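The primary structure of each chain is shown beneath.
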Amino acid sequence: MRSAQLTIDPAFVIGPADRRIFGSFVEHMGRCVYGGVYEPGHPQADPRGLRRDVLALTRELGVSVVRYPGGNFVSGYRWEDGVGPVGDRPRRLDLAWKTIETNAFGLNEFMTWADEAGVEPMMAVNLGTRGVQEACDLLEYTNHPGGTQLSDLRRKHGVEQPYGVRLWCLGNELDGPWQVGHKTADEYGRLAAETARAMKLIDPSISLVACGSSNRQMPTFASWEATVLEHTYEHVDYISAHTYYDPSDGDRASILASAVDMDAFITDVVATADHVAARQRQRRKLKISFDEWNVWYQSRLRADLDRRGWVEAPALIEDDFTAVDAVVVGDLLITLLRHADRVGVACQAQLANVIAPIRTRTGGPAWRQSIFHPFALTARYARGTVLRTEPVSPDYDTSRYGPVPVLDTVAIHDEKAGELVVLAVNRGAEDLPLALDLRGLPGLRAVEHLGLAAGDDPEAINTEAEPDRVTPRALPTPTTDGGRCSVLLPAVSWNVLRFTSRL
Ligand code: AHR
């Protein structure tokens, strides 16, 4: 049997595990809003129509920040449609998803929901069909205390205090030809810079995200980032990255190695941003907002869009995630944490129903998909300082990425609490013995080993009838001896190993 080793030392620090890495995304798409977070008349809905069962699952998921209202949707959205008396709000064509938008849910409903969920809102402005003025208007309505037309309009709508939203996205995926209002890098870079300058005049405390590429396979990838940042570097705080991994072709070995691609993606964007910084003699390092990432069976989208005319909140890309998909999601979170020095925000897309960890039936229950579990446990346990680990691992072959290590890991050390958490994925088809060298952290002993093992039933999914088929299970707690510890990682598994120095 092949085996792996891992050395962990508290001296090898990457950076603090930023809570904003555990973000999610609510878009006006499919049943994410309507029938997801919001469903007036549902037995679980509160008087404002917010589904209490979805709120409870959102809190359990440990989500820190939620991006809103899109996505592709935002590129044709008029935010004013979603405020004021609901009866006066217009019905509109949403060109992004070929859907009728009723506007029953808008900015103020979202902010109420975010408050109930205990999450930080992250707003996106429309830089597809709109520009500087509309972005400023939205910011004035949202963050200005009062005494102006738009801030007083908010007060008239029953919201006396400004929301103080800190995080703002300057549009969405404007590099994509599918985007309403698609632009060249120069066109977008100029618009984003001017919008950023004006928005920071209204509220200098905000942080801004410029759009990076929609994925690493875009033909303009890296040159888009370079050009956009030439225009925007001094005005923004983050450059975005988006990626989805598609298991549709059944190549399990490759999909399990998706984190290899995400890792290279982050490295490439950091290198590009740092290149622009060097050219412009900028000393401030830009961070990445990885504000859309997930597994997505993308081949199903076309069928979803082709099947219908203009309807309200149709079921769109409601993927059922397998046990293998959960291992992939766990590994993507490991990758984001391992780049904690340069990834400052990350949002799994999306929160409810649309390629989501939370699934609902309209009028029925809500349940946890397989991918819910690695997210919830990582968000719960990854607290403290991310440490660089030194793994020695055998490889396995993938058609997409060549030879890839079977082991992927990250360690998080909470010095104050005296705790160490090791997240580890075994991508291989056989169990993997792992030897941990913890001599740099004397006095630690293992207290828990949780594992989500997909080896026995890789295609297993959670459903309304069987909502707990894929869940992490307690595995034998390993023993620690003189700073050394041995543990068995099941075939195709995502694992949490918890250690403490407290008795
Ligand atoms: O999350 C689904 C869609 O994927 C988003 O609207 C878009 O930004 C991305 O292409």
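Residues numbered from 1 in each chain as written. Predicted model: local features only at pLDDT ≥ 70, side-chain atom pairs only at ≥ 80, totals over all residues. Heavy atoms only, no water.

(A) Structural detail: the overall build of the protein chain. Scanning the protein chain from N- to C-terminus turns up 11 helices and 25 strands. Overall size of the protein chain, expressed as C-alpha extent along the three principal axes, is 70 × 60 × 45 Å. Counting all 503 residues of the protein chain, 60% fall into the buried class. Accessible area for the protein chain stands at about 19,000 Å²; split by element, carbon and sulfur atoms hold 50% of it. One way to put it: in the protein chain the 53 positive side-chain charges average out to a point 3 Å from where the 67 negative ones average out. (Helix = DSSP H or I, 4+ residues; strand = E, 2+ residues; numbered from the N terminus. Buried < 20%, exposed > 50% of the residue type's maximum accessible area, 1.4 Å probe, protein only. Areas by Shrake-Rupley, 256 points an atom, 1.4 Å probe, with all protein chains shown as cover. Lys, Arg positive; Asp, Glu negative; His and termini not counted. Charge placed at Lys NZ, Arg CZ, Asp CG, Glu CD.)

(B) Just the pairing of strand E21 (residues 445-453), in detail. Both E21 and strand E25 (residues 493-500) contribute to a ladder of 8 bridges, which runs antiparallel. By the bridge assignment, Arg445 is partnered in E25 with Thr500. In this sheet, strand E22 (residues 473-475) lies alongside E21 in antiparallel orientation, the contact comprising 3 bridges. Bridge pairing links Gly451 to Arg473 in E22. (Pairing = 2+ DSSP bridges.)

(C) Geometry of the sheet that holds E21. The 10 strands are arranged E22-E21-E25-E19-E18-E15-E1-E20-E24-E23 in an open sheet whose pairing can be described as mixed. Lying at the two open borders of the sheet, with one neighbouring strand each, are E22 and strand E23 (480-481). With 7 bridges joining them, strand E1 (residues 4-16) and strand E15 (residues 385-392) adopt antiparallel strand pairing. From the neighbouring strand, Gln5 faces E15, where its bridge partner is Val392. Strand contacts of helix H10 (residues 323-338): E1, E15, strand E18 (407-414), strand E19 (419-426), E21 and E25, with the helix running at about 55° to E18, the strand carrying the most contacts. Seen against the sheet, helix H11 (residues 372-381) touches E19, E21 and E25 and runs at an angle of roughly 20° to E25. (Contact = heavy atoms within 4.5 Å. Axes fitted to C-alpha atoms, helices over the stretch in contact; angles between N-to-C directions.)

(D) Highlighting the side chain of Asp408. Relative to the helices and strands, Asp408 resides in strand E18. Separated by 2.7 Å, the side chains of Asp408 and Arg338 make a polar contact. Within the local environment of Asp408, its side chain forms a polar contact with the side chain of Arg427, the two groups lying 3.3 Å apart. When residues no more than four places from it in sequence are discounted, the contact partners of Asp408 are Ala259, Asp331, Ile334, Thr335, Arg338, Leu423, Ala424, Val425 and Arg427. (Polar contact = N/O pair within 3.5 Å; in protein donor to acceptor, adjacent residues only side chain to side chain.)

(E) Here's a closer look at the packing of H10 against H11. Between H10 and H11, the least distance of the axes is 8 Å, while the angle of their chain directions is 30°. Here H11 runs roughly parallel to H10, going by the angle between their axes. Classified by chirality, the crossing of H11 by H10 is right-handed. Here H10 contributes Ala326, Val329, Gly330, Leu333 and Leu337 to the contact with H11, which in turn contributes Pro374, Phe375 and Thr378. (Parallel < 35°, antiparallel > 145°, perpendicular 65-115°, else oblique. Left-handed = near helix turned anticlockwise from the far one by under 90°.)

(F) Seen up close, the nonpolar core. By size, the foremost hydrophobic cluster in this structure holds 167 residues, and its most contacted members are Trp113, Phe290 and Leu436. The element contributing the most residues to this core is H10, with 11 residues. Once you skip the residues sitting within four places of it in the chain, Trp113 turns out to touch Val26, Val37, Leu50, Leu55, Thr58, Val66, Val119 and Leu351. (Core = buried A, V, L, I, M, F, W, Y, C linked by side-chain atoms within 4.5 Å.)

(G) View of the sheet that holds strand E2 (residues 23-25). Judged by pairing direction, the barrel is parallel, and its 8 strands sit side by side in the order E2-E3-E6-E7-E8-E9-E10-E12 before closing back on the first. The mean inter-strand angle of the sheet, taken between neighbouring strand axes irrespective of direction, is 30°. Pairing between E2 and strand E3 (residues 65-68): 2 bridges, direction parallel. Residue Ser24 lies in a different strand from E3, and its bridge partner there is Val66. Packed on one face of the sheet, helix H3 (residues 132-143) meets strand E6 (120-125) and strand E7 (167-170) and runs near 165° to E7. Running over the sheet, helix H8 (residues 258-279) touches strand E9 (238-245), strand E10 (287-295) and strand E12 (343-349) and is turned about 160° from E9.

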